[in-house]
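Topology and contacts: notes
Letter by letter, the chains look like this.
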Amino acid sequence: MKLGEGVEAAIHCAAMLAGVQGTATMPGAAMAEAFGLSPSYLLKHLNALTASRILESVPGPSGGYRLARPAERITLLDIVLAVEGRDPAFRCGEIRQRGPARLDASAYVKPCGISVAMMKAERAYRAALAEARLSDIVAEYVSDADPRSVAANCAFVERHQRPQSSTKQA
């Protein structure tokens with residue numbers, strides 16, 4: 001299974017936003033800078049996360065993005081589905097029913113064994129991602145990563161976050 005690069009960017013951005021204080025926001029351009037990405041490329045994925053209600057977009061000159069709900073309530077599956085879509089990775093085209101050796105439709109009553117195996121793998125993959133919470137990923141990073149990396153990332157967030165008024169904005 002191959003996920004697009006946007007999934008990595010989306011997870012990193014959500015993890016970064018988990019470190020933003022209170023109702024503060026982080027500009028998309030700052031996140032693009034942090035990860036060496038094109039702002040226009042990243043914007044597409046930030047929009048997908050916003051549409052899926054993982055992120056909240058705050059308009060205006062001091063606006064940006066923030067998590068729409070606590071990191072404890074965001075899973076890696078939420079993020080992957082927001083970026084990649086809800087369709088399964090494998091789509092059975094029933095090619096066994098094509099070609100010169102095909103039979104009458106009555107010969108294909110049982111589901112394709114390949115499709116069954118692939119759907120079983122899809123369910124396992126999604127279940128594992130559903131168990132992985134953003135808050136756990138962030139906590140593991142903070143406890144296990146090189147302290148210099150943690151300090152640098154925290155300093156970046158501190159420099160680039162934009163405080164907001166205490167009222168929640170749309």
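Note: the structure precedes this text.
My aim in this report is to walk through the structure given alongside it, one point at a time. Keep in mind it's a predicted model, so treat the numbers as computed, not measured.

1. Regarding the overall build of the protein chain
Check the secondary structure of the protein chain and you find seven helices and two strands. Scanning the protein chain from its N terminus toward the C terminus, one meets helices and strands in the order α-α-α-β-β-α-α-α-α. For 170 residues, the compact-globule formula gives about 15 Å, and the C-alpha radius of gyration of the protein chain, at 21 Å, lies well above that figure. Structurally, the protein chain occupies a C-alpha span of about 65 × 35 × 30 Å along its principal axes. For the protein chain, the residues scored as buried account for 33% of the 170 residues in total. Restricting to contacts in the protein chain with at least 6 residues of sequence separation, those with at least 24 account for 69%. Surface exposure of the protein chain reaches about 10,500 Å², of which carbon and sulfur atoms provide 57%.

2. A short note on the side chain of Gln161
Looking at the element boundaries, Gln161 is found in the segment after helix 7 (147-160). Residue classification places Gln161 among the buried residues on the basis of a relative accessible area of 13%. A polar side-chain atom of Gln161 sits 2.9 Å from the main-chain amide nitrogen of Gln21. For Gln161, the side chain forms a polar contact with the side chain of Glu158, separated by 3.3 Å. Setting aside residues no more than four positions away along its own chain, Gln161 makes contact with Gly19, Val20, Gln21, Ala24, Thr25 and Met26.

3. Side note on the packing of helix 2 (residues 28-35) against helix 3 (residues 39-51)
At a minimum axis separation of 9 Å, helix 2 and helix 3 run at an interaxial angle of 115°. Both helix 2 and helix 3 take part in a crossing whose hand is right-handed. Listed contacts from helix 3 to Gly28, Met31 and Ala32 of helix 2 are Pro39, Leu42 and Leu46. The residue makeup of the contact of helix 2 with helix 3, split by class, is five nonpolar, one polar and no charged.

4. As for the packing of helix 4 (residues 76-84) against helix 5 (residues 113-131)
When two helices pack together, their arrangement is given by the angle between the helix axes and by the axis-to-axis distance. Across the interface, helix 4 lies against helix 5 with an axial gap of 6 Å and an inter-helix angle of 120°. On the basis of the axis angle, helix 4 is oblique to helix 5. On helix 5, the residues that touch Leu76, Leu77, Val80 and Leu81 of helix 4 are Tyr125, Arg126, Leu129 and Ala130. Class assignment for the residues of the contact of helix 4 with helix 5 results in seven nonpolar, no polar and one charged.

Reading the values: the criteria
Residues numbered from 1 in each chain as written. Predicted model: local features only at pLDDT ≥ 70, side-chain atom pairs only at ≥ 80, totals over all residues. Heavy atoms only, no water. Helix = DSSP H or I, 4+ residues; strand = E, 2+ residues; numbered from the N terminus. Rg over C-alpha atoms; globule rule 2.2 N^0.38 Å. Buried < 20%, exposed > 50% of the residue type's maximum accessible area, 1.4 Å probe, protein only. Contact = heavy atoms within 4.5 Å. Areas by Shrake-Rupley, 256 points an atom, 1.4 Å probe, with all protein chains shown as cover. Polar contact = N/O pair within 3.5 Å; in protein donor to acceptor, adjacent residues only side chain to side chain. Axes fitted to C-alpha atoms, helices over the stretch in contact; angles between N-to-C directions. Left-handed = near helix turned anticlockwise from the far one by under 90°. Nonpolar A, V, L, I, M, F, W, Y, C, P; charged D, E, K, R; others polar. Parallel < 35°, antiparallel > 145°, perpendicular 65-115°, else oblique.

These figures come from the coordinates and say nothing about function on their own.
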